[in-house]
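Chain by chain, the residues run as shown.
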Amino acid sequence: MKSRRRPLTADVYRYEIGKNMEDGFELWCDVVTKGWITTDFLVKIKREDGSVVCPYILNRRGCTFIGEGDYIIKDEDGTKHVCSEQKIWNRYEKPEV
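Residues numbered from 1 in each chain as written. Predicted model: local features only at pLDDT ≥ 70, side-chain atom pairs only at ≥ 80, totals over all residues. Heavy atoms only, no water.

### A look at the side chain of Ser 51
Reasoning step 1: Topologically, Ser 51 is positioned in the loop between strand E3 (45-46) and strand E4 (52-59).
Reasoning step 2: Ser 51 sits in the buried class, given a relative accessible area of 18%.
Reasoning step 3: Polar contacts involving the side chain of Ser 51 include one to the side chain of Asp 49, which spans 2.6 Å.
Reasoning step 4: Setting aside chain neighbours within four positions, we find Ser 51 in contact with Leu 27, Ile 45 and Lys 46. (Helix = DSSP H or I, 4+ residues; strand = E, 2+ residues; numbered from the N terminus. Buried < 20%, exposed > 50% of the residue type's maximum accessible area, 1.4 Å probe, protein only. Polar contact = N/O pair within 3.5 Å; in protein donor to acceptor, adjacent residues only side chain to side chain. Contact = heavy atoms within 4.5 Å.)

Here you go:
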């Protein structure tokens, strides 16, 4: 059976460091050693103490790390998602500026 997804309105923002868009940070060394993901594209932030961290958002699927150029999507119900800049405008209508 085929079905069309219901349209919904969401806030879509390109991720920016320092704007409190993420839900938390994970140490880079933990992402590399404990994760099963490709880390080449991830946003990496160097803190004053020398540690390097990667920002993430939390959703019902768990922790999603934010990559370079990614967008943060916040649905009407408050659920957050991460979407790459390669896919964002295939999934959402581009707003008129």
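Now that the structure has been shown, the text picks up again.
### With respect to the nonpolar core
The nonpolar side chains of a soluble globular protein tend to be buried with one another.
Reasoning step 1: Core analysis: the biggest nonpolar cluster contains eight residues, these being Tyr 15, Met 21, Val 43, Ile 45, Val 53, Ile 57, Ile 66 and Ile 72.
Reasoning step 2: Not counting chain neighbours up to four residues away, the residues in contact with Val 53 comprise Phe 25, Glu 26, Leu 27, Trp 28, Val 43, Lys 44, Ile 45 and Arg 47.
Reasoning step 3: Val 31, Leu 42, Cys 54 and Tyr 56 belong to the second-largest nonpolar core, a separate cluster that totals five residues. (Core = buried A, V, L, I, M, F, W, Y, C linked by side-chain atoms within 4.5 Å.)

### A closer look at the sheet that holds strand E1 (residues 10-14)
Reasoning step 1: Here we have three strands laid out as an open sheet, ordered E1-E6-E7, and antiparallel in their pairing. Each edge of the sheet is formed by a strand with only one pairing partner; in this case those strands are E1 and strand E7 (80-83). Ignoring strand direction, the axes of neighbouring strands in this sheet form an average angle of 25°. (Pairing = 2+ DSSP bridges. Axes fitted to C-alpha atoms, helices over the stretch in contact; angles between N-to-C directions.)

### Side note on the environment of Gly 67
Reasoning step 1: Checked against the element boundaries, Gly 67 lands in the loop between strand E5 (62-65) and strand E6 (71-75).
Reasoning step 2: For Gly 67, a relative accessible area of 0% puts it in the buried group.
Reasoning step 3: Sequence-wise, Gly 67 and Leu 42 are 25 residues apart; in three dimensions their C-alpha atoms are separated by 4.0 Å.
Reasoning step 4: Excluding residues that lie within four positions of it along the chain, Gly 67 makes contacts with Phe 41, Leu 42 and Val 43.

### Focus on the pairing of E5
Reasoning step 1: Two strands pair when backbone bridges link them, and E4 and E5 are joined in this way by four bridges, in the antiparallel orientation. Pairing of Tyr 56 across the sheet is with Phe 65, part of E5.

### Side note on the packing of aromatic side chains
Reasoning step 1: Tallying each qualifying case throughout the model produces two aromatic pairs.
Reasoning step 2: Ring geometry for Tyr 56 and Phe 65: centres 5.9 Å apart, planes at 75°, overall edge-to-face.
Reasoning step 3: Aromatic side chains Tyr 71 and Trp 89 sit 5.6 Å apart centroid to centroid with 70° between the ring planes, which places their arrangement in the edge-to-face category. Linking Tyr 71 in strand E6 with Trp 89 in helix H2 (residues 88-91), this pair joins segments that are 18 residues apart in sequence. (Phe/Tyr/Trp six-rings, centres within 6.5 Å; stacked < 30°, edge-to-face > 60°.)

### Structural notes on the environment of Gly 35
Reasoning step 1: Tracing the chain through its elements places Gly 35 in the loop between helix H1 (28-34) and E3.
Reasoning step 2: Here the alpha-carbon distance between Gly 35 and Gly 24, two residues eleven residues apart in the chain, equals 16 Å.

Purely geometric numbers; function is a separate question.
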